[in-house]
Amino acid sequence: MFTHYSIAATGEEYMSFVATSKKQSQGIGSLLGGIKTPHNIQVLAILRFFGFGEQKSHLENQLVQIETGGGKSLILGAAATIFAMLGFEVRDACYSDYLSSRDAKEFHQTFADFRVAPHIKYSKITTFSEDMVAKKGDIRSLTLELFAGKPLKKQSVSNDLRKNQVLLVDEVDVFMGPDFVGKTHNQVARLQHPGARRVLESLWQKRGEAKTPQAAQGLCRNIMSSQEYQSLLQEFKTFEIVVESQVKMMCSDLYEYVQRKPPMPEVNLNQGCIGYKIHDRVDCDAVFGYKTAFAYLEALAEKKLKVEEARLKEVLSLQLPCGQFSYTNINPQHIFGVSGTVEQLQMFQRQEVEKHGLRVFTTVPSVYGQSKFRFLEQNDAIKVVPAVDFHQEVALAIQEIIKQKRAIIVFFENERSLDDFRRSPFYAKLPTPAEVLLEKLAFDEKSHIIKKAGNTGQITLAVAPFVRGSDFVSYDDKLQENGGVHVLQTFPSSDSSEEVQFQGRTARQGKRGTYSLILREEDMKQKFGLARDILHDGQSNMDLLDQVFVLYINTFFLSSLQSIYQPLALIKLGIFRRLVRRQRL
């Protein structure tokens, strides 16, 4: 199977590597890097999935830790092929649509040639949840039929939805994290009705009146006495409470939209639609109330987007709640997961892992031997600076790395923070133009920027969602001679697993690389509750330890879903280093 994969996945790309290397007079390392073959450690991880090393005759759910950059996608793709050949229906689930699409594309030819493609599906975790619900019946069509007063049609349901089903999960810590634990996947049915559209359009025309919550409530009362609302209510008299609640939601969402309260929809020009930033993409299937409808009306008025009438009818509709489905109910017959941060799983995450029957944990050695990752020199590894100096410090760090003939990837917390840096006067002083990696880019654009990031002299500015799964690998021998790719993190991590992911974007596949942080004092205060004085020398050691201890107590006891690693992160972010330095003085 792996022989076929190497041929299918490397053929044309390898010839391209040969041509490029000859043209640029690069060393043999760049040629070897282009051949996609499994490492014996990756084979070991796959064997663990199938019970090797255990004295049991049945498959046992388990979680395997693979270092970041250790080829998790290859392990999952190979395992999916074997499971499908053994007669299982396989779902490879990931939190990211971009990563899911990328990994499916990589194994597409292998799946097809082994005739297992119909039995393997790659998708987001949310899509898998929706598919599980759909197997029990089309809840959206049932809701619309009920609302229209039609008799409900009996739908066939599989007797055993879990039979011969294998779920492979990439980055298990995300699936078991706060984005999914305790959360529900909420489904709505869109009732396309002229009355609902007229109410939405009428509200949009009067949006100037919704300047305060009280004004929005007054606008809602006026709308509910209007002819548009009364005609809509008359047609669906049986469900008056549903219509009334949805129109009130329209008014509330109009106020939040006018005030630009998050989450705010984004225009995706590549797909010609409007959606929301979900992890590493703008998802046009995601809906938050009626904000999307108002975003379409605004885009049409300002001619930002061409929208077909069919799409407009869909978005300017009444949203009927169908149900809320807990992600905890995802419970296939077999589940296997991989992650680069199993050891960093928090207490509540480990509990969720065990709820899903994952009780076997395996940590495999590094695929590439001893890591060549390192922090920058002590004085530059971690900087906490006032907001007024932040952009200048980031620009100086970039200039220093490029001066060394290296490449740098700078991670910002979100697009707003990245844009603030680009608008600063210091951005214009960068030695070379920067590539900007954002969620709203098309798949091919993202892939192109990620591949370029590992070249000498390259500056890449990226947002936080790309810290997971993005393969910033480098085949540039000259870059390696000069120290490899440098990763600069510009905001504090909320937990230790995220910190590991940032560090894992460099020194990949046994290459050299460095990492550092430049943090704003204001972010430290907001996220960790630290007073400004504690970030500078001049305060007694006892006061410093007291604040760290109080922070630990508050974090551990008062918020079960918050990271208990925050105090440790603070020590890593320089507090302990400063304390030791004071003691030496």
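S.K.: Explain the overall build of the protein chain to me, please; I cannot follow it from the model alone.
M.R.: Check the secondary structure of the protein chain and you find 24 helices and 18 strands. Within the protein chain, buried positions represent 49% of all 585 residues. Long-range pairs, those at least 24 residues apart, make up 78% of the contacts in the protein chain with a sequence separation of at least 6. For the protein chain, the computed accessible surface area is about 28,400 Å², with 52% contributed by carbon and sulfur atoms.

S.K.: Quick question: what am I supposed to make of the sheet that holds strand E11 (residues 360–363) here?
M.R.: In any sheet, the strands associate via hydrogen bonds between backbone groups, in a parallel or an antiparallel arrangement. Strand order in the open sheet formed by 6 strands is E3-E2-E4-E10-E1-E11, with parallel pairing between adjacent strands. The sheet terminates laterally at strand E3 (120–124) and E11, the two strands that pair on one side only. Strand-to-strand twist in this sheet, taken as the mean axis angle between neighbours without regard to direction, amounts to 15 degrees. In terms of strand pairing, strand E2 (residues 89–94) meets strand E4 (residues 165–170) through 5 bridges, oriented parallel. Bridging from a neighbouring strand, Ala-93 pairs with Val-169 of E4. Strands in contact with helix H4 (residues 72–85) are E2, E3, E4 and strand E10 (334–339); relative to E4, the strand with the most contacts, it is inclined by about 175 degrees.

S.K.: What is the right way to read the environment of Val-360 from this model?
M.R.: Within the fold, Val-360 resides in strand E11. Accessibility expressed as a relative area gives 13% for Val-360, which makes it buried. Separated by 300 residues in sequence, Val-360 and Glu-60 place their C-alpha atoms 7.6 Å apart. Those residues in contact with Val-360 that sit more than four places away from it in its chain are Arg-48, Glu-54, Glu-60, Asn-61, Gln-62 and Leu-63.

S.K.: Sorry, what's going on with a nonpolar patch on the surface here?
M.R.: Side chains of Val-43, Leu-47 and Phe-52 sit close together on the surface and give an oily, nonpolar patch of about 240 Å² of accessible area. The residue Val-43 is located in helix H3 (residues 40–49) in this model. For Val-43, a relative accessible area of 31% corresponds to the partly exposed category.

S.K.: Where do I start with the pattern of salt bridges in this structure?
M.R.: When the charged atoms of two side chains lie near each other, side chains of opposite charge can form a pair. Applying the stated criterion across every chain yields a total of 27 salt bridges. When the shortest N-O distance is used, the salt bridge between Lys-124 and Asp-283 registers 2.5 Å. Linking Lys-124 in strand E3 with Asp-283 in strand E8 (residues 281–283), this pair joins segments that are 159 residues apart in sequence. Here Lys-124 falls in the buried class, since its relative accessible area comes to 11%. Residue Glu-244 pairs with Lys-248 through a salt bridge whose shortest N-O separation is 3.1 Å. With Glu-244 and Lys-248 both in helix H12 (residues 240–258), this residue pair falls 4 residues apart, about one helical turn. Residue Glu-244 is classed as partly exposed on the basis of its relative accessible area, which comes to 27%. The class for Lys-248 is partly exposed, based on a relative accessible area of 42%. Residues joined in a network through salt bridges with shared partners are Glu-266, Lys-277, Glu-415 and Lys-440.

Cut-offs and rules
- Residues numbered from 1 in each chain as written.
- Predicted model: local features only at pLDDT ≥ 70, side-chain atom pairs only at ≥ 80, totals over all residues.
- Heavy atoms only, no water.
- Helix = DSSP H or I, 4+ residues; strand = E, 2+ residues; numbered from the N terminus.
- Buried < 20%, exposed > 50% of the residue type's maximum accessible area, 1.4 Å probe, protein only.
- Contact = heavy atoms within 4.5 Å.
- Areas by Shrake-Rupley, 256 points an atom, 1.4 Å probe, with all protein chains shown as cover.
- Pairing = 2+ DSSP bridges.
- Axes fitted to C-alpha atoms, helices over the stretch in contact; angles between N-to-C directions.
- Patch = residues over 30% accessible without salt bridge, like charges linked within 9 Å, V, L, I, M, F, W, Y side chains within 5 Å.
- Salt bridge = Lys/Arg side-chain N within 4 Å of Asp/Glu carboxyl O.

Honestly, it's all geometry; don't read function into it.
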